[in-house]
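A look at the structure
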Amino acid sequence: LRDPVRMGMGQVMLLLSAACTVVPARDSLLNVCMDAKHHKTKPGPEGMLYEQCAPWKDNACCTANTSQEAHQDQSYLYSFNWDHCGVMPPKCKRHFIQDMCLYECSPNLGPWIDQADSSWRRERILHVPLCREDCEQWWEDCKDAFTCKENWHKGWNWATGTNRCPWGSMCRPFSQVFPRPKDLCEKIWSNSYRYTTEQRGSGRCIQMWFDPAQGNPNVVVAKYYAWKKRSSAWMETEAPEISGAQGALPWPVLVLLPLAIVVLLDGAGGFGSHGWGAP
């Protein structure tokens, strides 16, 4: 090869190498734990997670002890009492346990982590797109349970050290407090979740329920929304297909690749100062 070509190729490699070194910064949205009361600093494997939290045992933001406490009716985690309007039916309670397992254990909520104005946590999740089936089954199994509040994040009477209904409030069926599945999923935890029409397995919504033997479907969902969040800040482009999302070229490479080609052709004499094909 002629020296200019070698020089051009060297410049190309430097450009692409520089681009690739930028990529890890994007991972701040992926495989992370939020800064909250019981979360680990970094996700990692846990030998034993309790019952409904077990699907996250290979890579979790929760400890085994936290996973066990998530199943208690009166847990030390938040001193929260599910049975504030009578005993909550088991078929309903299992959804709240699964919700807590997702919140405490999942390392795939990075794209929706937001700052929290709270004494007990610095970060929270906001507008996590929940799969339609998960939200609708939650509502269906809880519609006949009772509660006295629409937003469970605030407004309780904590005089006894645990949550009790505010003075003057009345216990009503979930179906009255939350007329639609969307109302339940979005309002109960101050918009932590967003109701979607996306289905399980679509790669576009977070699943509370999944079979760990089939892998964690929320990994690819987090990657898609992390990509979407970054791309909206950097460029307008077409979304990658789910099947190719993991193998797609990093955006810095895509941005710098045309420039790299120009450098290579220039070094090879492909471009001249006065036009095409200069000798």
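So, how was this worked out
- Sequence order sets the numbering: in each chain, residues are counted from 1 along the sequence as written.
- For this predicted model, a pLDDT threshold of at least 70 governs which residues receive local features, and a threshold of 80 or more governs which side-chain atom pairs are given and counted, while totals over whole chains, interfaces and linings are taken from all residues.
- Only hydrogens and water are removed before side-chain values are computed, so all heavy atoms of the structure are retained for them.
- UniProt positions are given in the numbering used here, feature names are shortened, and annotations may be inferred rather than shown by experiment.
- Working definition: a ring pair exists when centres of Phe, Tyr or Trp rings (six-membered ring for Trp) sit within 6.5 Å. Plane angles under 30 degrees give stacked, over 60 give edge-to-face, the rest tilted.
- Each helix is a run of H or I in the DSSP string that is no shorter than four residues. Each strand is a run of E no shorter than two, and both are numbered from the N terminus.
- Burial classification: accessible surface area is computed with a 1.4 Å probe over protein chains only, and a residue below 20% of its type maximum counts as buried, one above 50% as exposed, and the rest as partly exposed.
- Both a distance and an angle decide whether a charge sits over a ring: NZ of Lys or CZ of Arg must be within 6 Å of the ring centre and within 35 degrees of the ring normal.
- Contacts are assigned to residue pairs that have any heavy atoms within 4.5 Å of one another.
- The working definition used for a salt bridge is a side-chain nitrogen of Lys or Arg within 4 Å of a carboxyl oxygen of Asp or Glu.

- Per an unreviewed UniProt entry, the protein chain goes by the name FOLR1 protein and belongs to Eolophus roseicapilla.
- Under the UniProt heading Sequence similarities (unreviewed entry), the note attached to the protein chain is "Belongs to the folate receptor family."

Some details on the packing of aromatic side chains
- For the structure shown, the criterion picks out 18 aromatic pairs.
- Between Trp 82 and Phe 96 the ring centres are 5.2 Å apart and the planes differ by 40°, which places this aromatic pair in the tilted class. Of this pair, Trp 82 sits in the loop between helix 2 (64-69) and helix 3 (90-105) while Phe 96 is found in helix 3, placing the two residues 14 residues apart along the sequence.
- Taking the relative accessible area as the measure of exposure, Phe 96 reaches 0% and is therefore buried.
- Among the aromatic residues, those joined into a cluster by ring pairs are Phe 80, Trp 82, Phe 96, Trp 138, Trp 152, Trp 156, Phe 174, Phe 178, Trp 189 and Tyr 193.
- Directly above the aromatic system of Trp 156 lies the positively charged group of Lys 149, at a separation of 5.6 Å from the ring centroid.
- Sitting over the ring of Tyr 224, Arg 204 keeps its end group 3.6 Å from the ring centre.

Some points on the environment of Ala 70
- Tracing the chain through its elements places Ala 70 in the loop between helix 2 and helix 3.
- Taking the relative accessible area as the measure of exposure, Ala 70 reaches 2% and is therefore buried.
- Along the backbone, Ala 70 and Tyr 50 are 20 residues apart, and their C-alpha atoms lie at a distance of 8.7 Å.

Considerations on unusual backbone geometry
- A positive phi angle, near 35°, is found at Glu 51, a position not held by glycine.
- Looking at the secondary structure, you find Glu 51 in the loop between helix 1 (3-22) and helix 2.
- Here Glu 51 falls in the exposed class, since its relative accessible area comes to 54%.
- For Asn 191, which is not glycine, the phi dihedral falls at a positive 65°.

So, the environment of Leu 102
- As for its position among the elements, Leu 102 is in helix 3.
- Looking at Leu 102, the relative accessible area reads 0%, which means it is buried.
- When near neighbours in sequence (up to four residues on either side) are disregarded, Leu 102 contacts Trp 56, Leu 109, Tyr 193, Ile 206, Gln 207, Met 208 and Asn 218.

Remarks on helix 4 (residues 132-142)
- Asp 134, Cys 135, Trp 138, Trp 139, Asp 141 and Cys 142 are the residues of helix 4 that are buried.
- On the buried face of helix 4, the contacting elements are helix 3, strand 3 (128-130), helix 5 (174-177), helix 6 (181-187) and strand 6 (193-195).

Quick word on the pattern of salt bridges
- This model, assessed by the stated rule, comprises 11 salt bridges.
- For Asp 58, the salt bridge identified is with Lys 57, shortest N-O distance 3.4 Å.
- Assessed through its relative accessible area of 58%, Asp 58 is described here as exposed.
- For Lys 57, a relative accessible area of 37% puts it in the partly exposed group.
- The residue Asp 141 makes a salt bridge to Arg 94 at a minimum N-O spacing of 3.2 Å. One end of the pair, Asp 141, is in helix 4; the other, Arg 94, is in helix 3, with 47 residues separating them in the sequence.
- On the accessibility criterion, Arg 94 (31% relative accessible area) is partly exposed.
- Each member of the salt-bridge network shares a partner with another, and the members are Glu 150, Arg 180, Asp 183 and Lys 187.

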